[in-house]
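What follows is each chain in one-letter form.
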Amino acid sequence: MRKVVILCFILAGCGYTTRGFVYSGEKIYISPIVNKVNITGEDRAYSSYVSYPILLEKRLTNSLINKFNIDSSLKVSNSKKDSLLLECEIKNYIKDPLRYADDDRITEQRLRLVVHFILRNKDGEVLRESDIVGETTYFLSGGFAKDEDSAQLDLINDTARRIVETVVEKW
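This report concerns the structure included in the present document. (Residues numbered from 1 in each chain as written. Predicted model: local features only at pLDDT ≥ 70, side-chain atom pairs only at ≥ 80, totals over all residues. Heavy atoms only, no water.)

1. Notes on the overall build of the chain
Test applied: Each helix is a run of H or I in the DSSP string that is no shorter than four residues. Each strand is a run of E no shorter than two, and both are numbered from the N terminus. In this description, contact between two residues means that some pair of their heavy atoms is separated by no more than 4.5 Å. Accessibility throughout is a Shrake-Rupley quantity obtained with a 1.4 Å probe, and a residue counts as covered only by protein chains that appear here.
Scanning the chain for helices and strands turns up four helices and six strands. When the helices and strands of the chain are listed from N to C terminus, the series reads α-β-β-α-α-β-β-β-β-α. The contacts in the chain between residues at least 6 apart in sequence include a share of 69% that link residues at least 24 apart. Put simply, the chain shows about 10900 Å² of open surface, and 51% of that area lies on carbon and sulfur atoms.

2. Focus on unusual backbone geometry
The phi angle at Leu 55 is positive, at roughly 60 degrees, despite the residue not being glycine. Looking at the element boundaries, Leu 55 is found in the loop between α2 (42-45) and α3 (56-71). In this structure, Asp 104 is a non-glycine residue whose phi angle is positive, near 65 degrees. By the secondary structure assignment, Asp 104 is in the loop between β4 (84-100) and β5 (106-120).

Such coordinate-based values are descriptive only and should not be taken to indicate function.
Written out as structure tokens, the structure reads:
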């Protein structure tokens, strides 16, 4: 009897799945991401610290397509016809110092990317709409030091992962 109960638990599993959100179609069209960051704003114009990476929206679009292909819940389509439509806008790119050395050098930084996305069905109705914030931290010196370019790749991958999870998961 005990073996039967154990076998039932093994076959039933825990019930957890990442396929919680059901769509009417299994294809998704990803529009090229639009950059809405105001790089000429007053907070950026007078700061020697805040910068903006070149072609961030292109790299995020490519990473998003790769993440959807890896996840395989939705097939990425080249056509808007009979597909879900994912539209994204980069709202902000934030670079914050986290730690300083004794001589006021920055030793650790955080990068954050704020992206607004809208998921529409084939009729144009909004299915999901949300703001996503991807982030990464990195050290500028020491054994775990990274340059800003590799930290930006981590940021892009984290943001794309969060968008895919929000789209394909119900909660």
